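# Structural features, examined
Listed below are the residues making up each chain.
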Amino acid sequence: MNPLERGRNLFNNVRTGAQNAVEKTQQVVGNVANKVVEGGQQVGRFVDAFEDRATDKARALNNTLFGGSKPDRVYDGHLVGAGGQTFPPGTPLSQVPGVTPRNNPNPTETFIYVNGISNDKDTQFNSMQQIADRTGAKVVGVHNATEGMVADLAQCVKDKLDKGTNPAVDSLADTVYAELKAGRSVHLMAHSQGGLVTSRALTDVANRLRIEDGMSRSQVEQMLGKVNVETFGGAAGHYPDGPKYVHYVNNKDIVPTWFGQGNGKGVDDWALRDGGKGAVVRRFDFGSGVGGTHSLNDAYLPHRLPFDQARAGK
């Protein structure tokens, strides 16, 4: 082989080796790039999933605190009956099929229950079933709608000052007034802000009896004497005279001790609290934390006594 051919063969071998090296390098680089892309996709999916979960939690927190889309508002002041059905304000009580005890489909007594803050319609319905099962009575709800905790607390302040419009107050007042004018007695139960709603509604009924029906103060009190009222951790410090009251106060619950009937100690309680003439306040100690001390189902209903027994101090 002459020198020229040997040079050509050497050049071809070098070129082939270089091409093979380049191809291997490209393959390695491609594999690495694919791994990077796949890893990036996995990271992206993880970030997307994390973002979705964070968004859902933020949305849930916003709904709890600020009401979000406020889906519960449409039921404000509506009457709630069996199966969670709702009926417009002003519906006669006799036309609302109440929640009955699971072991007694034909109870003889009917309670009207007003819920507290941050309770949507379904939560109120669950509490109504608890009340029915524990008391043996039929239960009809007047719904105090939630728009988020912040909005609910702002409404509590207005209820305290008797300012602004609260559909639950108007609905309860109309229901109580209609029942009294028909000659029927009424039994009310209220939890937390429901105590404020009840206090305002009964005051409205008293004013209506005095102004629209021309009754004297003593006549108004006599008419309201057909109303029995039970509050559980109620946030109202004042109730009008006339109805028969039993107020349940968990001494560890800040809602009634700070804003309702107090803790039974000090000048503050006799000077600033008025549970209504002849009211019975039943105090007890139970639980810890806001959830553990203020729950209707866990903290209060287990301490409830039949109304007459509680009024008698037994």
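Above this text you will find the structure in question.
Residues numbered from 1 in each chain as written. Predicted model: local features only at pLDDT ≥ 70, side-chain atom pairs only at ≥ 80, totals over all residues. Heavy atoms only, no water.

Bringing the environment of Thr146 into the picture now. Turning to its location among the elements, Thr146 is positioned in the loop between β4 (138-142) and α3 (149-161). With relative accessibility at 13%, the residue Thr146 sits in the buried group. With 26 residues separating them in the primary sequence, Thr146 and Asp120 have C-alpha atoms 5.9 Å apart. (Helix = DSSP H or I, 4+ residues; strand = E, 2+ residues; numbered from the N terminus. Buried < 20%, exposed > 50% of the residue type's maximum accessible area, 1.4 Å probe, protein only.)

A separate point is the packing of aromatic side chains. In total, this model carries five aromatic pairs according to the counting rule given. Measuring from ring centre to ring centre gives 5.4 Å for Phe284 and Tyr300, while their planes differ by 80°; the resulting arrangement is edge-to-face. On the criterion of sequence distance, the pair formed by Phe284 in strand β8 (residues 280-284) and Tyr300 in helix α10 (residues 296-300) is long-range, its members being 16 residues apart. For the pair shown, Phe284 and Tyr300 are each scored as buried. By the ring-pair criterion, three or more aromatic residues cluster together here, those being Phe232, Tyr248, Phe284 and Tyr300. The positively charged end of Lys121 is found above the aromatic ring belonging to Tyr75, 5.3 Å away from the centroid. One residue, Arg208, lies across the ring of Tyr177, its end atom 3.8 Å from the ring centre. (Phe/Tyr/Trp six-rings, centres within 6.5 Å; stacked < 30°, edge-to-face > 60°. Lys NZ or Arg CZ within 6 Å of the ring centre and 35° of its normal.)

Here the focus is the nonpolar core. The nonpolar side chains of a soluble globular protein tend to be buried with one another. Leu172, Val176, Leu188 and Val227 are the most contacted members of the largest nonpolar core, which has 36 residues in total. Mapped onto this core, the elements with two or more residues apiece are β3 (110-114), β4, α4 (167-181), β5 (186-191), α5 (193-211), α6 (217-224) and β6 (227-232). Of all hydrophobic cores here, the second largest spans 22 residues; its members include Met128, Val246, Tyr248 and Phe284. (Core = buried A, V, L, I, M, F, W, Y, C linked by side-chain atoms within 4.5 Å.)

Taken in spatial order, the eight strands make up an open sheet running β2-β1-β4-β3-β5-β6-β7-β8, and their pairing is mixed. Where the open sheet ends on each side, the last strands, each with one partner, are β2 (86-87) and β8. Taken together, the five bridges between strand β7 (residues 244-250) and β8 define a ladder with parallel strand orientation. Looking across to β8, one finds that Val246 is bridged to Val280. This element, α4, spans β1 (79-80), β3, β4, β5 and β6 of the sheet and lies at about 160° to β5. Across the face of the sheet, α5 comes into contact with β3, β5, β6 and β7 while running at roughly 140° to β5. (Pairing = 2+ DSSP bridges. Contact = heavy atoms within 4.5 Å. Axes fitted to C-alpha atoms, helices over the stretch in contact; angles between N-to-C directions.)

When you tally the buried positions in β5, you get six out of six residues, the bulk of the element. In β5, alternate side chains face the same way, and those of Val186, Leu188 and Ala190 on one face and His187, Met189 and His191 on the other are all buried. Examined bridge by bridge, β3 and β5 share three bridges and lie parallel to one another. Bridge assignment links Val114 to a residue of β5, and that residue is Ala190. Here six bridges tie β5 to β6, and the two strands are oriented parallel to one another. When the bridges of β6 are listed, His191 appears paired with Phe232.

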